[in-house]
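Chain and residue survey
Each chain, letter by letter, is given below.
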Amino acid sequence: MALNINEIAKQTLIALKERGLKPTPENYAEIFEEFAQKGGFSSGSKEKIQKYQALLLPHFQREMQDKSVRTLEQFLTFVIALLNRQSGKQFGEFFELLSTVMRVLQSSKDKKIRDLARVSAARISKTMDSEAIYLLDKKFKELEESYESATFNKKLAAFGLNKYDDYESIIKRLLDELDERSYGHFAELLESCLQPSLAEDLKIKDFADHMRHNPAMLTKAHFKSELEGFVSRRVMVDNAYVEKNLNFFDENLKKIDALYLLLSQQNHQNMDLIHALKPDEKGEVRLNFEDLKARFRDLGEKLSSLQAQIQFAQNLEAREDYSVVKELERLDENFHKYKVNYAIVLFSITNYRFIMEKYGLGNLNEIFVRFKKILKENCGELDELWMLDEKSYLIIAPGRDREQMAALVERGVGSIENFRFIYKQDVITPKISVSYLDKQSLPDGSILENLLREMESTDA
């Protein structure tokens, strides 16, 4: 049977008597609310209390659950107790501390912390309501969660760092890493790799200086191609230096060999003379003193020439001064004095830059090795092979004329064109440009400069 209001009132009075409570309005209201809820009635007090409880901070809500708060009066008593606890000197000191923390955080190097601290400092006050406190608390929790990024932590770990490291030490480490990875740093490394090992080159030096003072050029689209060109030139400078020294020693060894041959012939002649001497009946032989003196003088001159040539071959200054220009000047001098003609042939791979960019510097060097070998095989016994630059070779042929060099050119170009350079599935075809001339055709000018101009006009 459902209870009505009158019956609930009767039960309330009976319960007050049974529980030994005075019939005050407060006691009556509490017992009445209890029996009304059992009977399915509600005065609205419980809903109001739950509404106001939801506005408290979470830790105050948990504290209220541990209390027996059934009426609005009990709720007000609980809230007053909280306010009393929060007021006073300790609360004031805590509020000052909180303000100081917000002010300090506004100086943070982290923009997210700095911005949140500035907003919080403007909102924190002794009269803040629960909603404002809740919203600030939520923002700080969201900030905390934003730092829990596995991807970001992995990136830090790649530099030997983690999220708990001191901020300044992280920044310093990253700045050091940035400096190590800067264009200036790589420009210095490239500069050290560009310098030829055996010689110097002004073009490479100018490029390296420009790169060091303008490291941003490493980002330019054409830089890779330009760098590859100078790497090829560095290899050429070292190779040219080696070939120059080999040519120097080769020429001097030929001269030493010729002098040694003359000395050997002189020795054989002297031995033939000794064997031809016939002793008289006394066992004595007669020699012409002047003839003997002349023979020893001739032998001494040949020994001196041989010794001088050996010393010249060992002279570092003479070796460093030796060059294709010096050699051609010597041959020019012989031509003007003794009318001894000579010819030169200039071979050049005109598409060397295309080969380098498409197939790489390593494949280009392999082609040049084969290129040089073919030219060397087509040289005569007295011919000299010189490397002029990163794409060109020069053959110097003493005692030969232009017509004789035509045959050498035909053989050389034919051998090069018949050789197949294979890279993966591609056949690399070097394009050969050839010019040749003899001194007799241009007695008063530089035949090398003439060929170089001719080659430049052809390339253009």
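The text that follows walks through the structure, step by step, so that each part is easy to find. All figures in this text were calculated on a predicted structure; none of them were measured in a lab.

Moving on, we come to the packing of helix α18 (residues 361–377) against helix α19 (residues 402–418). Where α18 contacts α19, the two axes come as close as 9 Å, and the packing angle between them is 145°. Our pair here, α18 against α19, has a crossing hand that is right-handed. Residues F371, I374 and L375 of α18 lie in contact with α19, whose contacting residues are G412, S415 and I416. Classifying every residue of the contact of α18 with α19 by side-chain character gives four nonpolar, two polar and no charged.

Here we come to helix α3 (residues 45–54). Of all the residues in α3, the buried ones are S45, I49 and Q53. Viewed end-on, α3 has its buried residues packed into an arc of 70°, placing them on one side of the element. Opposite the buried face of α3, at more than 90 degrees from it, the exposed residues are K51 and A54.

Another aspect to go through is the pattern of salt bridges. As enumerated under the stated definition, the model contains 15 salt bridges in all. Across the pair D201 and R233 runs a salt bridge whose closest N-O atoms are separated by 2.8 Å. Of the two residues, D201 is situated in the loop between α11 (183–194) and α12 (202–213) and R233 in helix α13 (residues 223–276); the sequence distance between them amounts to 32 residues. On the basis of relative accessible area, D201 is assigned to the buried category, the value being 14%. Here R234 ties to D238 by a salt bridge, and the two come within 3.8 Å at their closest N and O atoms. Of this pair, R234 and D238 both sit in helix α13, four residues apart, which is roughly one turn of that helix. The buried category is assigned to D238, whose relative accessible area is 9%. One connected set of salt bridges, linked through shared partners, spans E191, K205, D209 and R212.

Another aspect to go through is the nonpolar core. In terms of nonpolar packing, the biggest core is built from 40 residues, with F207, M211, F347, F371 and I395 touching the most fellow members. Apart from the residues lying within four places of it in its own chain, the contact partners of F207 are L194, M217, F223, E226, L227 and F230. L346, W386, I447 and L451 belong to the second-largest nonpolar core, a separate cluster that totals 14 residues.

Taking 1.5 Å of rise per residue, 15 residues should cover 21 Å, and helix α16 (residues 324–338) covers 21 Å from first to last C-alpha, within 8% of that figure. Inspection of α16 places V324, E327, L328, L331, D332 and F335 among the buried residues, and these make up the whole buried set. On an axial view of α16, the arc spanned by its buried residues comes to 140°, and they lie on one face. Facing away from the buried side of α16 by more than 90 degrees, the exposed set consists of K337 and Y338. Directly beyond the C-terminal end of α16, a positive phi value near 60° is found at K339.

Let's shift gears to the packing of aromatic side chains. Evaluation of the coordinates by the stated rule reveals five aromatic pairs. Plain terms: the ring middles of F207 and F230 are 4.2 Å apart, the flat faces sit at 15° to each other, and that makes the pair stacked. A residue pair is termed long-range when its members are at least 10 positions apart, and F207 in helix α12 and F230 in helix α13 qualify at 23 residues. Accessibility expressed as a relative area gives 5% for F207, which makes it buried. With relative accessibility at 17%, the residue F230 sits in the buried group. Measuring from centroid to centroid gives 6.3 Å for F354 and Y359, while their planes differ by 90°, and the two rings are edge-to-face. Look at F354 and you get partly exposed, because its relative accessible area is 46%. On the accessibility criterion, Y359 (9% relative accessible area) is buried.

Attention now moves to the pairing of strand β2 (residues 384–389). Counting buried residues in β2 gives five out of six residues, a clear majority hidden from the surface. Relative to strand β3 (residues 392–398), β2 runs antiparallel, the two sharing five bridges. By the bridge assignment, D389 is partnered in β3 with S392. The turn linking β2 back onto β3 is made up of two residues.

Glancing now at a nonpolar patch on the surface. Taken together, the side chains of Y167, I171, L174, L175 and L178 define a hydrophobic patch exposed on the protein surface, amounting to about 440 Å² of accessible area. One can find I171 in helix α10 (residues 167–180).

Turning our attention to the environment of A9. With respect to the helices, strands and loops of the structure, A9 is situated in helix α1 (residues 5–18). Taking the C-alpha atoms as reference, A9 lies 8.7 Å from F35; in sequence the two are 26 residues apart. Here A9 is in contact with Y28 and F32, once residues within four sequence places are set aside.

With their axes 9 Å apart at the nearest point, α3 and helix α4 (residues 58–65) run at an angle of 145° to one another. On the side of α3, the interface is formed by I49, Q53 and A54, while α4 contributes Q61, M64 and Q65. Residue classes in the contact of α3 with α4 are distributed as three nonpolar, three polar and no charged.

If you walk across this open sheet you meet the four strands as β2-β3-β1-β6, and the pairing is antiparallel. Single-partner strands in this sheet number two, and they are β2 and β6 (432–438). Averaged over all pairs of adjacent strands, the angle between their axes in this sheet comes to 20°, without regard to strand direction. Where α16 meets the sheet, it contacts β1 (342–349), β2 and β3, and its direction lies at approximately 25° from that of β3.

Here is what the cut-offs are and how they apply
Residues numbered from 1 in each chain as written. Predicted model: local features only at pLDDT ≥ 70, side-chain atom pairs only at ≥ 80, totals over all residues. Heavy atoms only, no water. Axes fitted to C-alpha atoms, helices over the stretch in contact; angles between N-to-C directions. Helix = DSSP H or I, 4+ residues; strand = E, 2+ residues; numbered from the N terminus. Left-handed = near helix turned anticlockwise from the far one by under 90°. Contact = heavy atoms within 4.5 Å. Nonpolar A, V, L, I, M, F, W, Y, C, P; charged D, E, K, R; others polar. Buried < 20%, exposed > 50% of the residue type's maximum accessible area, 1.4 Å probe, protein only. Arc of directions from axis to C-beta. Salt bridge = Lys/Arg side-chain N within 4 Å of Asp/Glu carboxyl O. Core = buried A, V, L, I, M, F, W, Y, C linked by side-chain atoms within 4.5 Å. Expected span 1.5 Å × (residues − 1). Phe/Tyr/Trp six-rings, centres within 6.5 Å; stacked < 30°, edge-to-face > 60°. Pairing = 2+ DSSP bridges. Patch = residues over 30% accessible without salt bridge, like charges linked within 9 Å, V, L, I, M, F, W, Y side chains within 5 Å. Areas by Shrake-Rupley, 256 points an atom, 1.4 Å probe, with all protein chains shown as cover.

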